[in-house]
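Fold and contact review
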Amino acid sequence: MKKIFLLAVCFVCLVGNLMAQDGLVFNKFQKKGDKDRSKAVMIGLKGGLNMANMVFTDKALNDLDENKNFRPIGGVFVEIPVMGGLSLAPELMLVGRGTDKSFVAREEQEQNITDVITNYNIESFYIDFRIPVIYRFVISDWFNPYIFAAPDAGFLLGGNISLNKMQNGTVLEEESVSVEIGKANMKTFTMGVVAGVGLRFNMDFQRFSLVWKIEAAYNCGFIDTYSSMEKDDSAISGNVNAYNVTGHRYNRGIEAMISIGLPLKFSKNNGCSDFGNKFDRRY
């Protein structure tokens, strides 16, 4: 997380320095000569929220009430034009995943106690490598909607799993537990696909360009996140039967992100050209 923050600070400082040198001369409609940076390789930062959840093949677990669970997501990317509106954009992302489910426990149901809610919450973090294939529609020089799809490979960094009992919105601390996520309770590797749509806005200055993107995507994992230790009960000493895992558990999520990119093509000052413009203004 600290590395991504430092990268963000460096990137903002770089852009700020370029804009200061450029005098904030903005020309979003004209793309001629060396101002056409649409085919340049681009580096950038992206971040947003992942509305994360998990799908269980065990119907009893899957039917539990799902609460909204917003998790952070962000990282860096390089976009490489291929041909026409087609490009590849490898990215390294820090992705928050998990689920947040609520239910009335069996003992409370038997005693007809409905104001005590058990909350099952997973907050995991992964480092993901993706290679989105992007196709953008060139509506104008400055506005390009696009579609994209990407394979996604993620490696577990950690997180927490908590089981909290709540009564009238207050957590019952003595009846709540929390454990760190590790190989005993989560598979360390995940894979999936990401697909979505976006809007791209090109901002061209005299010497450089900036690209802003807004996008929404659905992330579909197809690797069971239960660890082998969970399935054979070796994660719990004594082989507690109540811990038996049935079925499979998959990561899902709806992602909303904003990106800023810097095309790696810059215009140079041309002293002769500038002299000619001044000469024309005089006469």
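A brief structural summary. Treat the numbers as computed from the prediction; the structure is a model and nothing was measured.

**Quick notes on the pairing of strand β8 (residues 143-167)**
Strand direction decides the pairing type here: strand β6 (residues 116-130) and β8, joined by 15 bridges, are antiparallel. Looking across to β8, one finds that Asn121 is bridged to Ser162. Where strand β7 (residues 133-136) meets β8, four bridges bridge the pair, whose relative direction is antiparallel. Across the sheet, residue Val133 finds its bridge partner in β8, namely Ala149. In textbook terms, the turn of a hairpin is the stretch between consecutive antiparallel strands, and for β7 and β8 this stretch comprises six residues. Sheet analysis places β8 next to strand β11 (residues 189-204), joined by 13 bridges and oriented antiparallel. Residue pairing for β11: Pro145 is matched across the bridge by Leu199. In this structure, β8 lies alongside strand β10 (residues 177-180), joined through four bridges in antiparallel fashion. Note on β10: the bridge partner recorded for Leu163 is Val177. Pairing of β8 with strand β9 (residues 170-171) involves two bridges; the strand directions are antiparallel. The partner of Met166 across the bridge, within β9, is Val171.

**Regarding the nonpolar core**
Core analysis: the biggest nonpolar cluster contains nine residues, these being Met54, Phe56, Ile122, Tyr126, Leu156, Ile161, Ile181, Met186 and Tyr226. Contributing elements (two or more residues each) for this core: β1 (42-56), β6 and β8. Excluding anything up to four places from it in sequence, Met186 contacts Met54, Ile122, Tyr126, Leu156, Ile181, Thr225, Ser227, Glu230 and Arg249. Counting residues in each nonpolar core, the second largest holds six residues, with Ile134, Phe148, Val194 and Ala217 among its members.

Rules and cut-offs
- Residues numbered from 1 in each chain as written.
- Predicted model: local features only at pLDDT ≥ 70, side-chain atom pairs only at ≥ 80, totals over all residues.
- Heavy atoms only, no water.
- Pairing = 2+ DSSP bridges.
- Helix = DSSP H or I, 4+ residues; strand = E, 2+ residues; numbered from the N terminus.
- Core = buried A, V, L, I, M, F, W, Y, C linked by side-chain atoms within 4.5 Å.
- Buried < 20%, exposed > 50% of the residue type's maximum accessible area, 1.4 Å probe, protein only.
- Contact = heavy atoms within 4.5 Å.

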